[in-house]
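# Inside the fold
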Amino acid sequence: MLRDLLRIPARGLTNVAFGLESGLRELRRARARTRIGICCPTRCTTRDPDPRDVAPGFERLHVLLETDGEHDEQLARELAPGGHGEVAPIANYTQVPAALNHLLGA
């Protein structure tokens, strides 16, 4: 899945709220007892609507914050607590598995 995500070309502004709303809809359909969202708002500038308004709808929303290059640390640090989650700083994609293990308690 990560390989497929990395192949998506990034252009322009990212509507983080739309992504969160889509993920929240999918999680609401899940049968799992625990429903956890993972957000990666890295190297992007969000546009309206404000994703901070969507975060409280999550049972738990963790945020991966890529620290290498352009990123929105303030957004990440506000989304995670709003979604009852944590921020995991990562320097690059090779740190994603360890960050996910930490966030998901593995």
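### Digging into the environment of A98
Mapping A98 onto the fold places it in helix 4 (residues 96–103). For A98, a relative accessible area of 53% gives the class exposed.

### Let's talk about the pairing of strand 2 (residues 60–66)
For strand 2, the buried fraction is high: six of the seven residues fall into the buried class. Relative to strand 2, strand 1 (residues 36–39) is paired through four bridges, and the arrangement is parallel. Bridged to C39 within strand 2 is V63.

### Things to note about the sheet that holds strand 2
As summarised here, the arrangement of the three strands in space is 1-2-3, forming an open sheet in which the pairing is parallel. Looking at which strands have only one partner, the edges of the open sheet turn out to be strand 1 and strand 3 (87–90). If you compare each strand with its neighbour and ignore which way they point, the axes differ by 20° on average. Alignment of strand 2 against strand 3, held across four bridges, turns out to be parallel. Paired with V63 across the bridge in strand 3 is V87. In the packing of helix 3 (residues 73–82) onto the sheet, contacts are made with strand 1, strand 2 and strand 3, and the angle to strand 2 comes to roughly 160°.

### Some words on the pattern of salt bridges
As enumerated under the stated definition, the model contains four salt bridges in all. Across the pair R52 and D50 runs a salt bridge, and its minimum N-O distance is 2.9 Å. With its nearest N and O atoms 3.0 Å apart, the salt bridge here joins E73 to R77. Of this pair, E73 and R77 are both found in helix 3, four residues apart, which corresponds to roughly one turn of the helix.

### A short note on helix 4
All buried positions along helix 4 are accounted for by V96, A99 and L103. When helix 4 is viewed along its axis, its buried side chains cluster within an angular range of 65° and face the same direction. In helix 4, the exposed positions that point more than 90 degrees away from the buried face belong to A98 and H102. G105 lies just past helix 4 and shows a positive phi near 75°.

### Regarding the nonpolar core
Nonpolar side chains tend to gather and get buried jointly when the protein is soluble and globular. In terms of nonpolar packing, the biggest core is built from 17 residues, with L20, C39, F58, V63 and L79 touching the most fellow members. Listed by contribution, the elements that provide at least two residues to this core are helix 2 (16–29), strand 2 and helix 3. It is helix 2 that contributes the most residues to this core, five residues altogether.

### Re the side chain of H62
For H62, the position within the fold is in strand 2. Look at H62 and you get buried, because its relative accessible area is 2%. Not counting chain neighbours up to four residues away, the residues in contact with H62 comprise I36, G37, I38, C39, G85, E86, L103 and L104.

Rules and cut-offs
Sequence order as written defines the numbering, with residues in each chain counted from 1. Residue-level local features of this predicted model are given only where pLDDT is at least 70; pairs of side-chain atoms are given and counted only at 80 or more, and the full residue set underlies all totals for whole chains, interfaces and linings. Only hydrogens and water are set aside; all other atoms, that is, all heavy atoms of the structure, feed into the side-chain values. A run of H or I in DSSP counts as a helix once it spans at least four residues, and a run of E counts as a strand once it spans at least two, with each numbered from the N terminus. Burial classes: relative accessible area under 20% of the type maximum marks a residue as buried, over 50% as exposed, and values in between as partly exposed (1.4 Å probe, protein chains only). A pair of strands is labelled paired if DSSP reports no fewer than 2 bridges between them. Every axis corresponds to a line fitted to the C-alpha atoms, with the helix fit spanning only the stretch in contact, and the corresponding angles, defined between N-to-C directions, vary from 0 to 180 degrees. In this description, contact between two residues means that some pair of their heavy atoms is separated by no more than 4.5 Å. Here, a salt bridge means any side-chain nitrogen of Lys or Arg that lies within 4 Å of a carboxyl oxygen of Asp or Glu. Comment: arc refers to directions from the helix axis out to C-beta atoms. For the purposes of this section, nonpolar cores are sets of buried Ala, Val, Leu, Ile, Met, Phe, Trp, Tyr and Cys residues that join through side-chain atoms within 4.5 Å.

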